[in-house]
Amino acid sequence: MRIARSFSELRTLLPRPGSCPLWLVPTMGALHDGHGALIDQAKSEGGFVAVSIFVNPLQFAPGEDLDRYPRTEAEDLAFLDKRGADLVFLPSPGEMVPKSARIRISSGRIGTIYCGASRPGHFDGVLTIVLKLFHLFSPDVALFGEKDRQQLFLIQEMVRDLALPIRVLGLPTIREPDGLAMSSRNRYLSPKERDTAAHFPELMGEAARLWAEHSGHPSKDPLSIPGWLSEALVRAGFRVDYVALADRQTFLPITGGPAPDQAYLLAAVFVGSTRLIDNLDLSAERPGV
Ligand code: AMP
């Protein structure tokens, strides 16, 4: 496995342009099987598999967990080597985000709602660094997780709006046996908080079942489900950041009118000081669909 720590090293270690398909998996490290699934998918397609590890300071607001975000380089390198990655890129913060850099990608309206409402500037920071990685690698395909559904939507929107010659693939969320979505932040949870956290996917699943039950039922209102879920999450011990229904095509919030066939259920909660996110594709959750 090749290791590049600077832009110039990366240039010498990347395959010659056009010599083989280049697959890029951008990460912030503290790797787990959710990241592993993205790498496995890239590997299974053949081609050259590159992984970047960069804890992006631009996507953390002041007061967030930038300083305590887990950094586990030695374990990550062993994980990637075992998984068969061809190249890992570990750039320095100074090169990725020079002090003089003022230019930012604007994520637009969708970047200001859901996670963007409580994390101002988060998605501008994500897109700025993802675009920089796209320029550095010129990948044929870039892989992202559906766990970060809003991020995936915005990256797809950026690629489309800026006509970037890159295919963006989203892969399903990998979960722990009890349903909790794998996340680098799960390691912040105390054993008691971890027990509470298991109720998050359980209640999301219950909400999806209610959605299926309410949809097509003349006297029931599927749009009441975010309210139901918020209350259930609070009762289970979470502090709710947001629960929302998003239109699957536009990603805009669904707040009124007839419930559409295709929607995402999105939620973010705090367990203690740890923020967890999850989402379900309600069209996929519908029995028989
Ligand atoms: P992160 O290191 O958290 O920035 O994540 C890097 C990439 O891995 C992003 O595209 C995430 O959406 C994806 N990812 C993180 N957790 C999971 C998971 N549990 N299942 C699938 N993909 C994931």
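Values in this document were obtained by computation on a predicted structure and should not be read as measured data.

**Student:** Which parts of the structure should I look at to understand the pattern of salt bridges?
**Tutor:** Opposite charge on two side chains permits pairing when their charged atoms draw close. Tallied over the entire structure, the rule returns 14 salt bridges. A salt bridge links arginine 209 to glutamate 206; the nearest nitrogen and oxygen atoms lie 3.0 Å apart. Taken together, the positions of arginine 209 and glutamate 206, both in helix 9 (residues 199-214) and three residues apart, correspond to about one turn of that helix. In this structure glutamate 206 comes out as partly exposed when scored by relative accessible area, which is 32%. Overlapping salt bridges bring together Asp33, Asp40 and Arg83 as one network.

**Student:** How do you make sense of unusual backbone geometry when you look at a structure like this?
**Tutor:** Keep in mind that most residues, glycine aside, have a negative phi and that most peptide bonds are trans. Despite not being glycine, tyrosine 114 has its phi angle at roughly 50°, a positive value. Considering the arrangement of structural elements, one finds tyrosine 114 in the loop between helix 4 (93-96) and helix 5 (115-118). Of note in the backbone geometry, alanine 163 takes a positive phi value of approximately 50° without being a glycine. Residue placement: alanine 163 occurs in the loop between helix 7 (149-161) and strand 6 (167-171).

**Student:** It is not clear to me how helix 6 (residues 122-137) should be interpreted in this structure. Could you clarify?
**Tutor:** For an α-helix the count is 3.6 residues per turn, leaving residues at separations of three or four pointing the same way. Along its 16 residues, helix 6 runs 23 Å from first to last C-alpha, staying within 8% of the 22 Å computed at 1.5 Å per residue. Once helix 6 finishes, serine 138 follows within two positions and takes phi at roughly 45°, a positive value.

**Student:** Before we go on, may I ask you to explain the nonpolar core in this structure?
**Tutor:** Nonpolar side chains tend toward joint burial in soluble globular proteins. Counting residues in each nonpolar core, the largest one holds 48 residues, and the members touching the most others are Phe89, Phe134 and Phe137. Considering each element in turn, this core owes the most residues, ten residues, to helix 6. Counting contributing residues per domain, this core is built from domain 1 (2-171) and domain 2 (189-283), each supplying no fewer than three. Not counting the four nearest positions on each side in its chain, phenylalanine 134 is found in contact with Leu24, Pro139, Ala142, Phe144, Ile155, Met158, Val159, Leu164 and Ile166. Grouped together as the second largest cluster of nonpolar side chains are 27 residues, Leu180, Met204, Ala208 and Leu223 included.

**Student:** What is the right way to read the packing of helix 6 against helix 7 from this model?
**Tutor:** Helix-helix packing is described using two parameters, namely the angle between the two axes and the distance between the axes. It is the contact of helix 6 with helix 7, at a shortest axis distance of 11 Å, that shows an interaxial angle of 55°. The angle between helix 6 and helix 7 falls in the class oblique. In the packing of helix 6 onto helix 7, the handedness of the crossing is right-handed. Contacts from Phe123, Val126, Leu127, Val130, Leu131 and Phe134 of helix 6 reach helix 7 at Gln150, Gln151, Leu154, Ile155, Met158 and Val159. In terms of residue class, the contact of helix 6 with helix 7 is built from ten nonpolar, two polar and no charged.

**Student:** When you look at the site of the ligand in this model, what are you seeing that I'm missing?
**Tutor:** Neighbouring the ligand are 17 residues, the closest being His35, Gly145, Asp148, Ile174 and Met182. One of the backbone nitrogen or oxygen atoms of methionine 28 is found 2.9 Å away from an oxygen atom of the ligand. Isolated, the ligand exposes 480 Å² of accessible area, and the fraction of that covered by the protein chains is 93%. Of all the elements, helix 2 (residues 33-44) adds the most residues to the shell around the ligand, at three residues. Here the shell around the ligand is composed, by residue class, of eight nonpolar, seven polar and two charged.

**Student:** Could you clarify how one ought to interpret the packing of helix 9 against helix 10 (residues 225-235) in this entry?
**Tutor:** It is the contact of helix 9 with helix 10, at a shortest axis distance of 10 Å, that shows an interaxial angle of 155°. With respect to helix 10, the axis of helix 9 lies roughly antiparallel. As for how helix 9 packs across helix 10, the hand of that crossing is right-handed. Only Ile225, Trp228, Leu229, Ala232 and Leu233 of helix 10 make contact with helix 9, whose side of the interface consists of Phe200, Leu203, Met204, Glu206, Ala207, Leu210, Trp211 and His214. Each residue belonging to the contact of helix 9 with helix 10 can be placed in one class, and the counts come to eleven nonpolar, one polar and one charged.

Cut-off values and rules
Residues numbered from 1 in each chain as written. Predicted model: local features only at pLDDT ≥ 70, side-chain atom pairs only at ≥ 80, totals over all residues. Heavy atoms only, no water. Salt bridge = Lys/Arg side-chain N within 4 Å of Asp/Glu carboxyl O. Helix = DSSP H or I, 4+ residues; strand = E, 2+ residues; numbered from the N terminus. Buried < 20%, exposed > 50% of the residue type's maximum accessible area, 1.4 Å probe, protein only. Expected span 1.5 Å × (residues − 1). Core = buried A, V, L, I, M, F, W, Y, C linked by side-chain atoms within 4.5 Å. Domains from an automatic or database assignment. Contact = heavy atoms within 4.5 Å. Axes fitted to C-alpha atoms, helices over the stretch in contact; angles between N-to-C directions. Parallel < 35°, antiparallel > 145°, perpendicular 65-115°, else oblique. Left-handed = near helix turned anticlockwise from the far one by under 90°. Nonpolar A, V, L, I, M, F, W, Y, C, P; charged D, E, K, R; others polar. Near = heavy atom within 4 Å. Polar contact = N/O pair within 3.5 Å; in protein donor to acceptor, adjacent residues only side chain to side chain. Areas by Shrake-Rupley, 256 points an atom, 1.4 Å probe, with all protein chains shown as cover.

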